[in-house]
Amino acid sequence: MTAVAERFDAVVLGAGPAGGAIALELAAGGMNVALCERELLGGECPYWACMPSKALLRPPEARAEARRAPGLGEPAQEFAPIAAHRDRVISNLDDSKKASAYAKRDIEVIRGEARVTEPRRVEAAGRELDAERVVVATGTRTAVPPIDGLEEAGYWTNREATTFSEVPDSVVVLGGGPVGVELAQALRRFGATVTLTEAADTLLSREDPRVGELAARALAEDGVDVRTGATAVGVKRGHDGLRTVRLDDGAGVSAAELLVAIGRDPRTRELGLEHLGVELGEDGEVLVDYRCRAAEGVWAVGDVTGILAFTHAGSYQARVASADILGNDVTADYSAIPRVAFTDPEVAAVGLSAGEAREQGIDIAVSRLDLASSIARPITYEEDPRDQELEVVADRERGVLVGAWAVAPLAGEFIHQAAMAIKLRATIDVLRDTVSQFPTFSEGFSEAVRKLEL
């Protein structure tokens with residue numbers, strides 16, 4: 001006998017930042033919402049990604065700042081209190097407060113695997129749900145490359161690398177994206193010997209090549225052995241427990257731990273989305289339009305869409321999709337969503353790089369500054385300013401910015417000046433007439449705009 005399905009106005013698959021946000025928006029709009037989650041409510045970000053990594057990065061960053069400031073010495077560093085604070089930040093992997101918050105808003109939380117079994121029908125934790133609308137927000141999982149011997153040797157993902165209780169003696173990091181560079185620097189500053197390998201010619205290959213060069217230089221100054229243009233082709237674990245990674249150039253590097261950080265794969269293929277008419281991209285991502293619609297009665301938000309794998313982008317998509325579901329005319333605009341790697345110095349970017357803009361056929365003007373020699377703030381911030389640069393990219397025809405990046409202290413904060421300019425499509429004339437506080441890093445943005453040759 002077929003079980004009677006429980007009816008919901010919307011069923012959300014995945015309770016990460018994007019799924020949780022849209023569930024709250026729809027419930028506030030008067031809908032009866034079920035929120036399905038196979039792991040912890042909150043998803044990857046608060047427990048194994050954004051929050052613990054930033055909690056781990058900050059203490060050694062402050063220590064390095066003290067070392068570089070005149071008249072200060074390098075303070076002692078103890079990992080145990082840092083780990084204890086990290087555990088408080090991630091709520092000791094306890095999601096009960098989040099569960100209570102959803103309950104207060106009459107959102108039905110269903111813990112367990114969820115799968116679409118037919119149109120409008122979701123099976124979750126043994127329950128049958130009649131879903132008038134389905135929102136896919138299942139996020140991503142660590143992409144594990146098919147490297148010979150990797151599974152047998154064992155490895156860390158971001159989860160182990162953000163929740164460890166003892167600093168390993170040595171680590172090999174596979175991948176030079178944001179996760180790889182952040183954790184490589186943190187582990188090195190905690191005392192581990194770190195080697196980072198990246199198949200591309202530069203780190204942070206999504207960004208302008210100069211950004212990757214500056215990031216590599218900063219890591220090398222901390223003692224990270226950075227190897228770009230290097231691909232791991234084999235891994236073997238010895239009797240001593242060390243993992244030896246063989247690279248495509250014949251070199252080998254050994255370490256106590258091996259961190260895989262080459263990217264993420266969307267969690268889609270086991271969900272039964274074919275019953276909803278959802279189309280997947282070549283990497284398994286859910287293809288959506290500018291209202292985050294994936295099919296009739298189906299929306300997708302967050303990393304699973306493959307558009308921008310950031311918590312803030314997923315939360316933005318949740319606002320767009322919930323507005324569409326509730327009958328409002330809203331479309332997504334991804335042109336001004338910032339991207340930050342919280343290394344020291346920080347790496348921040350927004351919009352298009354110069355190369356991307358040229359590929360799109362835009363006639364661009366580019367202005368790049370060495371901040372230490374162009375503005376006053378760097379010399380007041382630290383005794384011997386490190387390499388720090390900023391670049392802005394403008395569309396000559398329209399007279400507006402289309403991109404910017406910075407590698408500098410606090411870049412993740414002042415990049416929003418460029419993000420706002422791009423979002424508002426402020427003209428270069430207006431930006432040139434805008435005054436920044438003296439002395440701040442934001443002055444670099446204003447100075448770069450004034451030097452644009454349109």
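Right above here is the structure, for reference.
Parameters at a glance
Residues numbered from 1 in each chain as written. Predicted model: local features only at pLDDT ≥ 70, side-chain atom pairs only at ≥ 80, totals over all residues. Heavy atoms only, no water. Axes fitted to C-alpha atoms, helices over the stretch in contact; angles between N-to-C directions. Helix = DSSP H or I, 4+ residues; strand = E, 2+ residues; numbered from the N terminus. Parallel < 35°, antiparallel > 145°, perpendicular 65-115°, else oblique. Left-handed = near helix turned anticlockwise from the far one by under 90°. Contact = heavy atoms within 4.5 Å. Phe/Tyr/Trp six-rings, centres within 6.5 Å; stacked < 30°, edge-to-face > 60°. Lys NZ or Arg CZ within 6 Å of the ring centre and 35° of its normal. Pairing = 2+ DSSP bridges. Buried < 20%, exposed > 50% of the residue type's maximum accessible area, 1.4 Å probe, protein only.

Asks: Just to check I follow, could you spell out the packing of helix α3 (residues 50–68) against helix α8 (residues 178–189) for this structure?
Replies: When two helices pack together, their arrangement is given by the angle between the helix axes and the distance between those axes. Between α3 and α8, the shortest axis-to-axis distance is 9 Å and the interhelical angle comes to 60°. Put simply, α3 runs oblique to α8. Between α3 and α8 the crossing geometry is left-handed. Contacts between α3 and α8 involve S53, K54, L57, P60, E61, R63, A64 and R68 on the former and, on the latter, E182, L183, A186 and R189.

Asks: Can you walk me through the packing of aromatic side chains in this structure?
Replies: What characterises a pair of aromatic rings is the spacing of the ring centres plus the angle enclosed by the ring planes. Under the definition given, this model contains 8 aromatic pairs. Within the aromatic cluster, the residues linked to one another by ring pairs are F79, W156, F164 and F190. Taking the ring centre of W48 as reference, the NZ or CZ of R159 above it sits at 3.6 Å.

Asks: How do you make sense of unusual backbone geometry when you look at a structure like this?
Replies: Generally, phi is negative for residues other than glycine and the peptide bonds are trans, each holding for most cases. For the bond from D344 to P345, the omega torsion is 0°, close enough to zero to count as cis. Here the bond from F438 into P439 is cis, since omega is -15°, no more than 30 degrees from zero. Of note, P439 is situated in the loop between α15 (428–432) and α16 (442–450). Positive phi is not limited to glycine here, since L204 has a value of about 50°. Of note, L204 is situated in the loop between β11 (193–198) and α9 (209–221). With a phi close to 65°, C292 is a non-glycine residue in the positive phi region. By the element assignment, C292 lies in the loop between β17 (264–266) and β18 (293–295).

Asks: Sorry, what's going on with the sheet that holds strand β20 (residues 339–341) here?
Replies: Adjacent strands of a sheet form backbone hydrogen bonds with each other and so pair up, either parallel or antiparallel. Here 5 strands make up an open sheet; going across it, the order is β20-β21-β24-β23-β22 and the pairing antiparallel. Strand pairing shows two members of the sheet lacking a second neighbour, β20 and β22 (364–370), which therefore form its edges. On average, adjacent strands in this sheet sit at an angle of 10° to one another, irrespective of strand direction. As paired strands, strand β23 (residues 389–395) and strand β24 (residues 400–408) are joined by 7 bridges and run antiparallel to one another. Residue pairing for β24: D395 is matched across the bridge by V400. Contacting β21 (346–351), β22, β23 and β24, α9 runs over the sheet at an angle of about 10° to β24. Contacts between α16 and the sheet are confined to β22, β23 and β24, with β23 contributing the most and set at about 45° to the helix.

Asks: Just checking my understanding: could you explain the environment of I22 for this structure?
Replies: For I22, the location among the structural elements is in helix α1 (residues 17–28). Relative accessible area serves as the criterion here: at 0%, I22 is assigned to the buried category. Remark: the alpha-carbon pair of I22 and I325, spanning 303 residues in sequence, is separated by 10.0 Å. Ignoring sequence-local partners within four residues, the contact set of I22 consists of V12, V135, V301, A318, A321, S322 and I325.

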